[in-house]
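Single-letter residue listing:
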Amino acid sequence: MAAGKGVIILNERIDAINVLNRMLSGMFGQSSQTVVIEEFLSGIECSVFVLTDGKNYKILPIAKDYKRIGEGDTGLNTGGMGAISPVPFADDVFMNKVIKRVIEPTVKGLAKEKIEYKGFIFIGLISVNNEPYVIEYNVRLGDPESEVVLPRIKSDFVDLLEGVANGNLDEKEIIIDERYAATVMLVSGGYPEVYEKDKLIEGLDQTKDTLVFHAGTVTREGGIYTAGGRVLALTSFGDTKHEALKKSFDSAEEISFDKKYYRKDIGFDI
Ligand code: GLY
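Overview of the structure. (Residues numbered from 1 in each chain as written. Predicted model: local features only at pLDDT ≥ 70, side-chain atom pairs only at ≥ 80, totals over all residues. Heavy atoms only, no water.)

1. Remarks on the overall build of the protein
We apply this condition: Elements are defined by DSSP. Helices are runs of H or I of four residues or more, strands are runs of E of two residues or more, and each kind is numbered from the N terminus. Only protein chains enter the accessibility calculation, which uses a 1.4 Å probe; a residue whose area is less than 20% of its type maximum is buried, one above 50% is exposed, and one in between is partly exposed. A contact between two residues is defined here by any heavy atoms of the two lying within 4.5 Å. With residues, only the protein chains shown are counted as cover, and all accessible areas are computed by Shrake-Rupley using a 1.4 Å probe.
Regarding its fold elements, the protein presents five helices and 13 strands. Counting only C-alpha atoms and orienting by the principal axes, one finds that the protein spans roughly 60 × 50 × 35 Å. When each of the 270 residues of the protein is scored for burial, the buried share is 44%. For the protein, the proportion of contacts with a sequence separation of at least 24, taken over those separated by at least 6, is 65%. For the protein, the accessible area works out to roughly 14900 Å², and carbon and sulfur atoms hold 51% of it.

2. A word on the environment of G238
By the secondary structure assignment, G238 is in strand β12 (residues 230-238). For G238, a relative accessible area of 2% gives the class buried. For the pair formed by G238 and E178, sequence separation is 60 residues and the distance between their alpha carbons is 9.5 Å. In this structure G238 touches R179, Y180, E243 and A244, once residues within four positions along its chain are discounted.

3. What about the sheet that holds strand β11 (residues 223-226)?
Here is the rule we go by: Should DSSP find at least two bridges between two strands, the strands are regarded as paired.
The three strands are arranged β8-β11-β10 in an open sheet whose pairing can be described as antiparallel. The open sheet has two edge strands with one neighbour each: β8 (200-201) and β10 (217-220). Note that β8 and β11 share two bridges and pair antiparallel. Paired with I201 across the bridge in β11 is I224.

4. Some points on the sheet that holds strand β5 (residues 119-128)
Keep this limit in mind: To obtain each axis, a line is fitted to C-alpha atoms, and for helices this fit is confined to the stretch in contact; angles are then taken between N-to-C directions over 0 to 180 degrees.
The strand order β2-β1-β5-β6 describes an open sheet built from four strands, whose pairing is antiparallel. Strands with a single pairing partner mark the edges of an open sheet, and in this sheet they are β2 (57-59) and β6 (131-138). The sheet shows a mean angle of 30 degrees between the axes of neighbouring strands, direction not considered. Bridge count for strand β1 (residues 44-52) against β5 is nine bridges, and the pairing is antiparallel. The residue bridging F49 from the neighbouring strand is F122, located in β5. The strands touched by helix α2 (residues 92-112) are β1, β2, β5 and β6; relative to β6, the strand with the most contacts, the crossing angle is about 40 degrees.

5. Section: the site of the ligand
Selection criterion: Here a residue counts as near a molecule or strand whenever at least one of its heavy atoms sits within 4 Å of it. For the purposes of these results, a polar contact is taken to be a pair of N or O atoms within 3.5 Å, where, inside protein, one atom must be able to donate a hydrogen and its partner to accept one; residues adjacent in sequence count only when each atom of the pair is a side-chain atom. Residue type decides the class: Asp, Glu, Lys and Arg count as charged, Ala, Val, Leu, Ile, Met, Phe, Trp, Tyr, Cys and Pro as nonpolar, and the leftover types, Gly among them, as polar.
Contacts to the ligand come from D65, F122, R140, G142, D143 and E145. Here a nitrogen atom of the ligand sits 2.8 Å away from a polar atom, N or O, in the main chain of D143. Interatomic distance of 2.8 Å between a side-chain N/O atom of E145 and a nitrogen atom of the ligand. Isolated, the ligand exposes 190 Å² of accessible area, and the fraction of that covered by the protein chains is 84%. Of the residues assigned to the shell around the ligand, the class counts are one nonpolar, one polar and four charged.

6. Description of a nonpolar patch on the surface
Rules: Patches were defined on residues exceeding 30% relative accessible area and lacking a salt bridge, with like-charge contacts within 9 Å and nonpolar side-chain contacts (Val, Leu, Ile, Met, Phe, Trp, Tyr) within 5 Å. Whenever Lys or Arg places a side-chain nitrogen within 4 Å of a carboxyl oxygen from Asp or Glu, that contact is recorded as a salt bridge.
A cluster of nonpolar side chains, contributed by V7, I9 and F40, occupies part of the molecular surface with about 360 Å² of accessible area. Within the secondary structure, F40 is located in the loop between α1 (13-24) and β1.

From the geometry alone we can't say anything about function, so treat these as descriptive.
So this is what it looks like as structure tokens:
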């Protein structure tokens, strides 16, 4: 409605007053007749996934995604350039705050409002001086977080989903792999703006110790070709963040297609 430009961050009160007046005078036409004013939050984000049967819940591995195309979190937003799990700043102290202030009130609140919800709750959080603030809720898993979250779940995932369906999630156990998982996304050069497709992908059989998730690919005579902006997600495990990332970056080098691009700084900020 405001061509993606409707959010304006202002440091000074006087600037906020001026912009508010311009908005209410039609800066974005009809769209800016209604204005929301929110506190600006500066911190680091993470994604918390909760599986609930409407009464009981399990917390899935915590992850952090990297949305921008450029290194150092610069440039345009994408569907996701990589992810890492666990997230060291989301330690027990932080997560206890998240459980008490966010997860339990959310699950109980849904039941109190008679919303029978079974499934995933994706809570986008920002840590501001180690205090969690909710940025957004989604009722789904996340991408590319899923590519690090799901591999870290060692217990039978179908059994957990049966617990959701049957309302006995409390009787199920979730076992989480303690190692780091790191995902690096290979994208087509030019993405998220104009990019070319139909590039032959080579080296898929050369990767070691890496799970390869196909996103924008197509198989046809002659091999596997690129068919989208986000082409492949490469997930590897390691005892340390660096080991997991190194394996994914090594696999990223083994795989080739014309104008391949990936961010080499996934996990840089945690
Ligand atoms: N990675 C963010 C999302 O799935 O919305």
